[in-house]
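Listed below are the residues making up each chain.
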Amino acid sequence: MPGRLDGGPMADVPELLDANLHRVFNNRDADARRRVIDDIYTDDVTFTEPEGTVTGRAALDERAAALLGRTPATFVFVEDGPRYVGTSTGALPWRFGPPDAPVARGIDVITVLDGRISELLTVLASED
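Residues numbered from 1 in each chain as written. Predicted model: local features only at pLDDT ≥ 70, side-chain atom pairs only at ≥ 80, totals over all residues. Heavy atoms only, no water.

Q: I tried to follow unusual backbone geometry on my own but got confused; where do I start?
A: A negative phi angle is the norm for most residues apart from glycine, just as the trans form is the norm for most peptide bonds. A positive phi angle, near 50°, is found at D114, a position not held by glycine. Secondary-structure assignment places D114 in the loop between β6 (104–113) and β7 (116–124). (Helix = DSSP H or I, 4+ residues; strand = E, 2+ residues; numbered from the N terminus.)

Written out as C-alpha cells, the structure reads:
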C-alpha cells in the first residue's frame, strides 16, 4: 500500500487531488514527476481526456510529458474552484496557461482504490 505523500499511512482524496494537479501535471522535472506517479497511481491507472484513454503509469507519464513539452514554461495549472471530496472520489477544477491569462479550463475527477488513484478523468470546459 502506498504511504501518505509525507511518509505516513495511506494518502487521502484531498492529498491525491493536490498531488495529481501540482506534483504530476504541473511538474516539468521528468524524474520527480515519475516518482510521484509511481507513488500515487495504481499500476493499471486509466487516464481519460479529450485526446483519448490510456492505461498504466508509463502512458499517463507520457501524456503529462507531452502536454508540458508542447507548452511554454510560463504555463501552469492553478486550482480554479473548490475541491469536491467523497470517500473514494474527488474532483478539482483547474485552469491552465499563464497565471493571469489561462488558455484552458477543466476539471479532474479521480477514483481512489487502496489509497491510490485508479481512474483519472479530465473534462475540458466548453468554449460555448
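Q: Hey, could you run me through the pattern of salt bridges in this one?
A: Side chains bearing opposite charge may pair, as long as their charged atoms lie close to each other. What the rule picks out here adds up to ten salt bridges. Residue R33 is joined to D61 by a salt bridge in which the shortest nitrogen-to-oxygen separation is 2.9 Å. Highlighted residues: R33 in helix α2 (residues 30–40) and D61 in helix α3 (residues 57–69), separated in sequence by 28 residues. Both residues of the pair, R33 and D61, belong to the buried class. Across the pair R83 and E79 runs a salt bridge, and its minimum N-O distance is 2.8 Å. Using a relative accessible area of 30% as the deciding quantity, one classes R83 as partly exposed. Relative accessible area serves as the criterion here: at 25%, E79 is assigned to the partly exposed category. Beyond isolated ion pairs, a larger network of salt bridges with shared partners links R33, R34, D38 and D61. (Salt bridge = Lys/Arg side-chain N within 4 Å of Asp/Glu carboxyl O. Buried < 20%, exposed > 50% of the residue type's maximum accessible area, 1.4 Å probe, protein only.)

Q: Would you take a moment to explain the pairing of β6 for this structure?
A: The two faces of a sheet get side chains in turn, since along a regular strand they alternate between them. Sheet topology note: the strand β5 (residues 89–97)/β6 ladder contains eight bridges and is antiparallel. What sits directly across from L92, in β6, is D108. Hairpin connection, β5 to β6: the antiparallel pair is bridged by six residues. From the end of β6 to the start of β7, which pair antiparallel, there are two residues, and D114 there has a positive phi angle of about 50°. (Pairing = 2+ DSSP bridges.)

Q: Looking at this structure, I do not really get the packing of aromatic side chains. What am I missing?
A: A ring pair, where both rings are aromatic, is described by two values, the distance of the centres and the angle of the planes. Going through the model one piece at a time under the given rule, you end up with four aromatic pairs. On the basis of an interplanar angle of 80° and a centroid distance of 5.1 Å, the ring pair of F77 and W94 is categorised as edge-to-face. Taken together, the residues F77 in strand β3 (residues 76–79) and W94 in strand β5 connect sequence positions 17 residues apart. On the accessibility criterion, W94 (4% relative accessible area) is buried. The structure contains a cluster of three or more aromatic residues connected by ring pairs, namely F75, F77, W94 and F96. (Phe/Tyr/Trp six-rings, centres within 6.5 Å; stacked < 30°, edge-to-face > 60°.)

Q: Where do I start with the side chain of S118 in this structure?
A: Structurally, S118 is set in strand β7. Residue classification places S118 among the buried residues on the basis of a relative accessible area of 12%. Those residues in contact with S118 that sit more than four places away from it in its chain are T42, D44, V45, T46, T111, V112 and L113. (Contact = heavy atoms within 4.5 Å.)

Q: Any chance you could explain the side chain of T122 here in plain terms?
A: Topologically, T122 is positioned in strand β7. Residue classification places T122 among the buried residues on the basis of a relative accessible area of 12%. Engagement of the side chain of T122 in a polar contact is seen with the side chain of D108, the distance being 2.7 Å. Every residue in contact with T122, bar those within four places of it in the chain, is listed here: F47, T48, E49, P50, W94, I107 and D108. (Polar contact = N/O pair within 3.5 Å; in protein donor to acceptor, adjacent residues only side chain to side chain.)

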